[in-house]
Amino acid sequence: MANPYLDDLRLAHVLADSADNLSMDRFGALDLEVSTKPDMTYVTESDRAVEDAIRRTLKTSRGRDIVLGEESGEIEGTSENAERRWIVDPIDGTSNFVRGVPVWATLIALEEAGEIVVGCVSAPALGRRWWAMKGDGAHTGKSFRQTRPIHVSAVRELTAASMSYSSAPSWDQINRQGEFDALLRQCWRTRAYGDFWSYMLVAEGAVDIAAEPELNLWDMAALDIIVREAGGQFTSLAGEPGPWGANAIATNGRLHDAVMAYLGHFPDHDSVWADESGDSADEPV
Ligand code: IPD
Ligand code: CA
Ligand code: CA
Ligand code: CA
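Residues numbered from 1 in each chain as written. Chains lettered and ligands numbered in written order. Predicted model: local features only at pLDDT ≥ 70, side-chain atom pairs only at ≥ 80, totals over all residues.

Under an unreviewed UniProt entry, the chain has the name Histidinol-phosphatase and belongs to Aeromicrobium senzhongii. On record in UniProt, under Cofactor (unreviewed entry), the comment for the chain is "Mg(2+)". Within the UniProt record for the chain, the comment given under Pathway (unreviewed entry) is "Amino-acid biosynthesis; L-histidine biosynthesis; L-histidine from 5-phospho-alpha-D-ribose 1-diphosphate: step 8/9." (UniProt positions renumbered as here; feature names shortened; annotations may be inferred.)

Here the focus is unusual backbone geometry. Of note in the backbone geometry, Met 40 takes a positive phi value of approximately 70° without being a glycine. Its place among the elements puts Met 40 in the loop between strand 1 (34-36) and strand 2 (42-44). Look at Met 40 and you get exposed, because 6 C-beta atoms sit within 10 Å. With phi around 50°, Asp 195 is a residue other than glycine that occupies positive phi space. Note that Asp 195 resides in helix 5 (residues 195-203). Owing to 27 C-beta atoms within 10 Å, Asp 195 belongs among the buried residues under this scheme. (Helix = DSSP H or I, 4+ residues; strand = E, 2+ residues; numbered from the N terminus. Buried ≥ 20, exposed ≤ 12 C-beta atoms within 10 Å, placed from the backbone.)

Our next topic: the sheet that holds strand 15 (residues 248-251). Read across the sheet, five strands follow the order 12-11-13-15-14 without closing on themselves; strand pairing throughout is mixed. Each edge of the open sheet is held by one strand with a lone partner, namely strand 12 (189-191) and strand 14 (233-235). Within the sheet, the average angular offset between the axes of one strand and its neighbour, ignoring direction, is 15°. With respect to the sheet, helix 5 is in contact with strand 11 (162-165), strand 13 (209-212) and strand 15, its orientation differing from that of strand 13 by roughly 155°. (Pairing = 2+ DSSP bridges. Axes fitted to C-alpha atoms, helices over the stretch in contact; angles between N-to-C directions. Contact = placed C-beta atoms within 7 Å.)

Overall, mixed pairing links the eight strands, which are arranged 4-3-5-6-7-8-9-10 in an open sheet. At either end of the open sheet lies a strand with only one pairing partner, and these are strand 4 (73-75) and strand 10 (148-150). In this sheet, adjacent strand axes meet at a mean angle of 20° when their direction is disregarded. Where strand 6 (residues 105-112) meets strand 7 (residues 115-123), seven bridges bridge the pair, whose relative direction is antiparallel.

Let us now look at helix 1 (residues 6-26). End to end, helix 1 covers 31 Å across 21 residues, agreeing with the expected 30 Å (1.5 Å per residue, within 8%). Residues of helix 1 that are buried include every one of Asp 8, Leu 9, Leu 11, Ala 12, Leu 15, Ala 16, Ala 19, Leu 22 and Ser 23, and no others. Projected down its long axis, helix 1 carries its buried residues within an arc of 150°, all on one side. In helix 1, the exposed positions angled more than 90 degrees off the buried face are occupied by Leu 6, Asn 21, Met 24 and Asp 25. One or two steps after helix 1, the chain reaches Gly 28, where phi turns positive at roughly 90°. (Expected span 1.5 Å × (residues − 1). Arc of directions from axis to C-beta.)

The next point concerns the site of ligand 1. By nearness alone, 13 residues border ligand 1, and Asp 92, Gly 93, Thr 94, Asp 195 and Asp 219 come closest of all. Its residues placed into classes, the shell around ligand 1 shows two nonpolar, five polar and six charged. Residues lining the shell around ligand 1 come from more than one domain, with at least three contributed by each of domain 1 (6-150) and domain 2 (158-273). (Near = placed C-beta within 6 Å. Nonpolar A, V, L, I, M, F, W, Y, C, P; charged D, E, K, R; others polar. Domains from an automatic or database assignment.)

Contact geometry for helix 5 and helix 6 (residues 217-229): axes closest at 8 Å, N-to-C directions at 15°. The angle between helix 5 and helix 6 falls in the class roughly parallel. As helix 5 packs across helix 6, the resulting crossing turns out to be left-handed. Together, Phe 196, Tyr 199, Met 200, Val 202 and Ala 203 of helix 5 and Leu 223, Ile 226 and Val 227 of helix 6 make up the contact between the two elements. Here the residues of the contact of helix 5 with helix 6 are counted per class, giving eight nonpolar, no polar and no charged. (Parallel < 35°, antiparallel > 145°, perpendicular 65-115°, else oblique. Left-handed = near helix turned anticlockwise from the far one by under 90°.)

Time to look at the domain arrangement of the chain. Per the domain assignment, the segments of the chain are domain 1 (6-150) and domain 2 (158-273). Centre-to-centre separation of domain 1 and domain 2, based on C-alpha positions: 22 Å. Of the residues lining the interface, 29 residues belong to domain 1; the matching set on domain 2 comes to 20 residues. Among the secondary structure elements, those contributing two or more residues to the side of domain 1 that touches domain 2 are strand 3 (66-69), strand 5 (84-92), strand 6, strand 7, strand 8 (128-133) and strand 9 (138-140). Considering each element in turn, the side of domain 1 that touches domain 2 owes the most residues, six residues, to strand 7. A per-class count over the side of domain 1 that touches domain 2 returns 18 nonpolar, five polar and six charged.

This is how it looks when you write it as structure tokens:
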């Protein structure tokens, strides 16, 4: 029996194809229109054009579904009890896009009844695309037709693990800088590949841990299902599964408990981390 989400996954690829064309057309343009949002982050004409194009196609092809996009918020579908919501980040890595760094992607996800069931990440300047649908594993390839399955790594020890992370805005803002620094020291290698890419590298087994401290649903929804279908684990810092928190820890699964022991909230966290003088300890005991 065909996977019930196959048509939705096909549509996600169609949306990604049009997004790729629109964004590549303006990537590197000297006259790219860039403005600054109230939170001092960039938005470009391409962020808006990609989101508008995706919304238009979804309105025609899936008019009953809700659409949530970073640039224009949530728009209700026509179904009274709509359980399906498309979640779109038109360009993840806008700061890279603006500065000519090729690490940016369009992220498209479908949520059904509170679960992410389809995810597609398209990074045309890297010549890469990753996708997954519920129960079908995770894949990469240049298009839907040229595809290979991907899987997380088999690394079991933090001392052998490679971790990609972002320090922006800051682990300090969520009161985890000490824990995060201790985790970095424990890992074999650390790199900052940034944005969606850290998580896709976990999904394909090239990196073992990815961590970002402050994210929104559209930053994470597509990444969540691709990491999970590749055999990994995706949770918030507080250990909740899924992209519903405000941050995202992805691992190959085998390392998740060890990472959470460093970073996570757990009942006796404060007593484990504070020594008698009240200063943070270097690592959990
Ligand atoms: C940003 C990226 C970045 C993260 C920011 C996000 P954007 O998304 O995902 O890695 O640190 O919090 O806002 O704005 O480039 O789509
Ligand atoms: Ca943004
Ligand atoms: Ca983003
Ligand atoms: Ca964005």
